[in-house]
Amino acid sequence: MVAYIDIHPVNPQARLITKAADIIRDGGVIAYPTDSGYALGCKLGNKAGLERIQTIRKLPKTHNFTLICHDFKQLGKLVIVDNSAFKLINRLTPGPFTFIMKGDKAVPRIMVNPKKKTVGARIPNHLTTLALVEELGEPLMSSTLILPDKEVPEANGWEIRDEIGYLLDAVIEGPVEEARPTTVIDLTGEVPEVVRQGAGDLSDVML
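Every value quoted in this text rests on a predicted model; they were computed, and no experiment measured them.

1. Here's the deal with the state of the cysteines
The final tally for this structure, using the stated rule, is zero disulfides. As a non-bridged cysteine, Cys 42 has Cys 69 as the owner of its nearest cysteine sulfur, 14 Å distant.

2. Some points on the pairing of strand β3 (residues 37-43)
Across a regular strand the side chains alternate sides, sitting on one face of the sheet and then on the other. Burial of β3 is extensive: six of the seven residues sit out of reach of the surface. Relative to β3, strand β2 (residues 30-34) is paired through five bridges, and the arrangement is antiparallel. Bridge pairing links Ile 30 to Gly 41 in β3. What sits between β2 and β3 in their antiparallel hairpin is a turn of two residues. Pairing of β3 with strand β7 (residues 140-144) involves five bridges; the strand directions are antiparallel. Paired with Gly 41 across the bridge in β7 is Ser 142.

3. Some points on helix α4 (residues 83-92)
Every buried residue of α4 is accounted for by Ala 85, Leu 88, Ile 89 and Leu 92. Each buried residue of α4 lies within a common arc of 95° when the element is viewed along its axis, so the set occupies one face. Exposed and facing more than 90 degrees away from the buried side of α4 are Asn 83, Lys 87 and Arg 91. Here the buried face of α4 lies against α3 (72-76), β5 (97-102) and β9 (183-186).

4. Things to note about unusual backbone geometry
A cis amide bond, omega 0°, links Thr 93 with the succeeding residue Pro 94. In this structure, Pro 94 sits in the loop between α4 and β5. Non-glycine residue Lys 58 carries a positive phi angle of around 55°. Counting through the fold element by element, Lys 58 comes out in the loop between α2 (47-57) and β4 (66-68). The exposure class of Lys 58 is exposed, given its relative accessible area of 66%. Phi angles above zero are rare outside glycine, and Lys 117 is one such case at about 60°. Note that Lys 117 resides in the loop between β5 and β6 (118-122). For Lys 117, a relative accessible area of 48% puts it in the partly exposed group.

5. Focus on helix α6 (residues 157-164)
Among the residues of α6, Gly 157, Ile 160 and Ile 164 are the ones counted as buried. All buried residues of α6 lie within an arc of 65° about the axis, which places them on one face of the element. Contact partners of the buried residues in α6: β1 (3-6), β2, β3, α2 and β8 (170-173).

6. Here we look at the pattern of salt bridges
Considering all chains together, one arrives at nine salt bridges under this definition. The shortest N-O distance in the salt bridge between Lys 43 and Glu 138 comes to 2.9 Å. Of the two residues, Lys 43 sits in strand β3 while Glu 138 sits in the loop between α5 (127-136) and β7, which places them 95 residues apart along the sequence. For Asp 169, the salt bridge is made with Arg 52, and the minimal N-O distance between the two is 2.9 Å. Pair noted here: Asp 169 is in the loop between α6 and β8 and Arg 52 is in helix α2, with a separation of 117 residues, a long-range link. Among the charged side chains, a network of salt bridges with common partners joins Asp 22, Arg 25 and Glu 135.

7. Details of the UniProt feature "domain: YrdC-like" (unreviewed entry) in the protein
Under the UniProt annotation, the feature "domain: YrdC-like" (unreviewed entry) is placed at residues 14-200. Helix makes up 30% of residues 14-200 and strand 23%. Its end C-alpha atoms lie 29 Å apart.

8. Digging into the nonpolar core
Leu 67, Met 111 and Leu 168 are the most contacted members of the largest nonpolar core, which totals 43 residues. What Leu 168 contacts, discounting residues up to four positions off in sequence, is Val 2, Val 29, Ala 31, Leu 40, Arg 52, Ile 56 and Ile 160. Counting residues in hydrophobic clusters, the runner-up holds 20 residues, among them Ala 3, Ile 7, Ala 131 and Ile 172.

Basis of the calculations
- Residues numbered from 1 in each chain as written.
- Predicted model: local features only at pLDDT ≥ 70, side-chain atom pairs only at ≥ 80, totals over all residues.
- Heavy atoms only, no water.
- Disulfide = S-S within 2.5 Å.
- Buried < 20%, exposed > 50% of the residue type's maximum accessible area, 1.4 Å probe, protein only.
- Helix = DSSP H or I, 4+ residues; strand = E, 2+ residues; numbered from the N terminus.
- Pairing = 2+ DSSP bridges.
- Arc of directions from axis to C-beta.
- Contact = heavy atoms within 4.5 Å.
- Salt bridge = Lys/Arg side-chain N within 4 Å of Asp/Glu carboxyl O.
- UniProt positions renumbered as here; feature names shortened; annotations may be inferred.
- Core = buried A, V, L, I, M, F, W, Y, C linked by side-chain atoms within 4.5 Å.

In structure tokens form, the structure reads like this:
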């Protein structure tokens, strides 16, 4: 039976964060809230977990999975970042932005785009998510929870539990700022390229 974990949005309970982290460490797949809707996550390098996420979302093998990081120190260990990219990421995070970058050798091959050798990475502005990643001690392997018949991310944990809870090991209940996909910026070229305009506001940013 799926674990339903109701975590306080302002003061995340340590014991509940640990409970969720232990489920991930044990190979589980969870649904959790972020600043741009719900996402699915599993332990870094968990091939079976990644395949479960692909099945739930009906994703192609070329889909860029995302490293959910606690801070830039975590992020910088797994992707290749030059000075200009560093400045942009530092300016826009934490927030609803996903950055596409070349993956370092430390990134599990199963989550790197097989052709471009890229991976998504982001630092969300969400207390529960940041507490969870900090407890894990490593990034969370993740994908936005947009079900195959929908166009926007899920926004309520109880609805996820009722609809697809049987496919998951845990659902964390918590508020989301906006049920809208992140803004995606590709940093692999000479200049940053906005691949998808989403929740992240770029109106005051020069790319």
